[in-house]
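Descriptive structure summary
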Amino acid sequence: MLKLMVTGCAGFIGYHVCKRLLGKDFHVIGIDNINNYYDIELKRARLQRLKRNKNFTYYQLDIQDSQGLNSILNSFQISHVVNLAAQAGVRYSIENPKVYIDSNIVGFANILEFCRKAEVQHLIYASSSSVYGLNHKMPFSTHDRVDHPISLYAATKKSNELMAHSYSHLYGIPTSGLRFFTVYGPWGRPDMALFLFTKKILKNEPIQVFNQGQMKRSFTYIDDIVEGIWKVLDYPPQPNPHWDGSPNSSFAPYKIYNIGHDQPVGLLYFIELLEKALGKSAVKEILPLQPGDVPETYADIDDLFTDVGFKPITSIEDGIIEFTRWFKSYYKIDGP
């Protein structure tokens, strides 16, 4: 039985990835520090569901703890690592920059060292669509340079890609960086728009609509993100002998993919669908664009489809319905 390590296992994406891997009879070693960036009880509820599976081993551990990681290295022969542990959030990075350096830079350096020592077959790690920053060319392509991030969060994710490349080059570690685009769905993060909007609409509180509602996002349902990770897992990158200098591959075993829906959705339509699913109208507080935010994201997923044969398929209409069903069930809210 292959042993895979998933960091951030009590997080939104990490929980769903672990659930998928356990359903395929892998032994999953899950790591999470259960920090208080958002509701700890939600993280614990995810974790409790994972612990029901006998093939799940959990360590409450911060990836900044290199000694703790070494103890896992000495206990298991781990073949693959999916690194989803990170300090998330664009806006929070403006208020608390140090935690992003500690987790996303120092922590990721520890993960790379772990992979080097373990001689893993494949490291998959979470990057972000935020790395595109001030890029104006649409759709966002992994073939384009991303040199102008507009938040420290984005800068740390770009740094992860550079750090991974250096380890792929120096030590031959196959690394795949996945730039996620606005992930949503059941068990989602409470700091994300869908969760915040749902909570406030049900309480008859105003929702904050930034950039006068003129935002577009490649909203990507969680099942599509997990399927993308699952597909990429089987395709560790190979050195590209014909590399032409494109940022998304290398002479080293290194690859970058976008994982996002290729049909961007306007924020006002997104809110309209949510109102319909909840059977309630939103009170909107119209505000200007926030520092660190980009007005539009739009994923070019041609490489993902060409290399692993996958593209996200869940419509925003279906995805919002599934989320609101989960939200009402989890929080025991009556109504249609």
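Note: the structure precedes this text.
Below you will find a few notes about this structure. (Residues numbered from 1 in each chain as written. Predicted model: local features only at pLDDT ≥ 70, side-chain atom pairs only at ≥ 80, totals over all residues. Heavy atoms only, no water.)

1. A look at the overall build of the protein chain
Secondary structure summary: the protein chain contains eleven helices and 13 strands in total. Radius of gyration (C-alpha) of the protein chain: 19 Å, near the 20 Å computed for a compact globule of 336 residues. Along the first, second and third principal axes, the C-alpha atoms of the protein chain reach 55 × 45 × 40 Å. A total of 336 residues make up the protein chain; the buried ones form 56% of that total. Within the protein chain, residue pairs in contact and separated by at least 24 positions form 81% of the contacts whose partners lie at least 6 positions apart. Looking at the protein chain as shown, the accessible area adds up to about 14900 Å², and 51% of this sits on carbon and sulfur atoms. With 35 positive and 34 negative side-chain charges, the protein chain shows a separation of 5 Å between the mean positions of the two kinds. (Helix = DSSP H or I, 4+ residues; strand = E, 2+ residues; numbered from the N terminus. Rg over C-alpha atoms; globule rule 2.2 N^0.38 Å. Buried < 20%, exposed > 50% of the residue type's maximum accessible area, 1.4 Å probe, protein only. Contact = heavy atoms within 4.5 Å. Areas by Shrake-Rupley, 256 points an atom, 1.4 Å probe, with all protein chains shown as cover. Lys, Arg positive; Asp, Glu negative; His and termini not counted. Charge placed at Lys NZ, Arg CZ, Asp CG, Glu CD.)

2. As for the side chain of Asp303
Relative to the elements of secondary structure, Asp303 occurs in helix H10 (residues 302-308). Buried within the structure, Asp303 lacks any salt-bridge partner; Lys255 is the closest side chain of opposite charge, at an N-O distance of 4.2 Å. (Salt bridge = Lys/Arg side-chain N within 4 Å of Asp/Glu carboxyl O.)

3. A short note on the sheet that holds strand S5 (residues 122-128)
The seven strands lie next to each other as S3-S2-S1-S4-S5-S6-S11, forming an open sheet whose pairing is parallel. Each end of this open sheet is capped by a strand with a single partner; those strands are strand S3 (56-60) and strand S11 (254-259). Each neighbouring strand pair of the sheet contributes to a mean axis angle of 20 degrees, computed without reference to strand direction. Where strand S1 (residues 3-7) meets strand S4 (residues 80-83), four bridges bridge the pair, whose relative direction is parallel. The residue bridging Thr7 from the neighbouring strand is Asn83, located in S4. (Pairing = 2+ DSSP bridges. Axes fitted to C-alpha atoms, helices over the stretch in contact; angles between N-to-C directions.)

4. Quick notes on the packing of aromatic side chains
Scanning the entire structure with this criterion turns up 28 aromatic pairs. The interplanar angle of 65 degrees and the centroid separation of 5.2 Å between the aromatic rings of Trp187 and Tyr330 together place this pair among those described as edge-to-face. Pair noted here: Trp187 is in the loop between strand S7 (183-184) and helix H7 (193-202) and Tyr330 is in helix H11 (residues 316-330), with a separation of 143 residues, a long-range link. A relative accessible area of 10% means that Trp187 is categorised as buried. Since its relative accessible area comes to 24%, Tyr330 is described here as partly exposed. The ring centre of Tyr38 lies 4.6 Å from the NZ or CZ of Lys43, which sits over that ring. If you follow Arg116 out to its NZ or CZ, it ends over the ring of Tyr171, 5.4 Å from the centre. (Phe/Tyr/Trp six-rings, centres within 6.5 Å; stacked < 30°, edge-to-face > 60°. Lys NZ or Arg CZ within 6 Å of the ring centre and 35° of its normal.)

5. Considering the packing of helix H5 (residues 97-118) against helix H6 (residues 152-171)
In contact at an axis separation of 10 Å, H5 and H6 are set at 15 degrees when each is read in the N-to-C sense. Regarding the angle of H5 to H6, the classification is roughly parallel. Taken as a pair, H5 and H6 cross one another with a handedness that is right-handed. Of the residues in H6, those in contact with Pro97, Tyr100, Ile101, Asn104, Ile105, Phe108, Ala109, Leu112, Glu113 and Arg116 of H5 are Leu152, Tyr153, Thr156, Ser159, Asn160, Met163, Ala164, Tyr167 and Tyr171. Partitioned by chemical class, the residues of the contact of H5 with H6 number 13 nonpolar, four polar and two charged. (Parallel < 35°, antiparallel > 145°, perpendicular 65-115°, else oblique. Left-handed = near helix turned anticlockwise from the far one by under 90°. Nonpolar A, V, L, I, M, F, W, Y, C, P; charged D, E, K, R; others polar.)

6. Examining the pairing of S3
Alignment of strand S2 (residues 27-32) against S3, held across five bridges, turns out to be parallel. Within S3, the position partnered with Val28 by the bridge is Phe56. Between the parallel elements S2 and S3, the chain passes through helix H2 (residues 40-51) in a crossover that is right-handed. (Right-handed = clockwise from strand over helix to strand, strands pointing away.)

7. Regarding H6
Three or four residues apart is the spacing at which side chains of an α-helix point the same way, because the helix has 3.6 residues per turn. Here H6 spans 28 Å end to end across 20 residues, near enough to the 28 Å set by a 1.5 Å rise per residue. Taken together, the buried residues of H6 touch helix H4 (90-95), H5, S5, strand S6 (175-180) and S11. Taken from the residues just after H6, Gly172 is the one with a positive phi, measuring 70 degrees. (Expected span 1.5 Å × (residues − 1).)

8. Quick word on the packing of helix H9 (residues 267-278) against H11
Their axes nearest at 9 Å, the elements H9 and H11 cross at an angle of 45 degrees. Between H9 and H11, the angle is such that the two are oblique. The crossing of H9 and H11 is right-handed. Side by side, H9 and H11 meet where Tyr269, Phe270, Leu273, Leu274, Ala277 and Leu278 of the first sit next to Ile316, Glu317, Ile320, Thr324 and Lys328 of the second. Residue composition of the contact of H9 with H11, grouped by class: eight nonpolar, one polar and two charged.

9. Some remarks on the nonpolar core
The nonpolar side chains of a soluble globular protein tend to be buried with one another. Among the nonpolar cores identified, the biggest contains 70 residues, and Ile13, Val17, Leu21, Phe56, Phe180, Ile229 and Phe270 are the most heavily contacted of them. In this view, Ile13 contacts Leu84, Phe180, Val183, Ile222, Ile225 and Ile229; residues no more than four positions away in its chain are not counted. By size, the runner-up hydrophobic cluster in this structure holds 27 residues, among which are Ile29, Leu73, Ala118 and Ala164. (Core = buried A, V, L, I, M, F, W, Y, C linked by side-chain atoms within 4.5 Å.)

10. Some points on the environment of Tyr125
Here Tyr125 is to be found in strand S5. The spatial distance from the C-alpha of Tyr125 to the C-alpha of Val226 is 13 Å, given a sequence separation of 101 residues. Residue contacts for Tyr125: discarding those within four places in its chain leaves Asn83, Phe108, Asn160, Glu161, Ala164, Thr175, Ser176, Gly177, Leu178, Tyr254 and Ile256.

11. Overview of empty space enclosed by the protein
With the rule as written, the count across this model stands at one cavity of 30 Å³ or more. Computed from the structure, the largest cavity encloses a volume of approximately 50 Å³. Around the largest cavity, the lining residues are Val17, Arg20, Leu21, Val82, Val226, Ile229, Trp230 and Leu233. If you list the elements that add at least two residues to the lining of the largest cavity, you get helix H1 (12-23) and helix H8 (222-233). For the lining of the largest cavity, the element with the highest residue contribution is H8, accounting for four residues. (1 Å grid on protein atoms, 1.4 Å probe; cavity = no way out; pocket = protein on both sides within 12 Å on 5 of 7 lines; lining within 4 Å. Points joined across faces, edges and corners; volume = space filled by probe spheres on them.)

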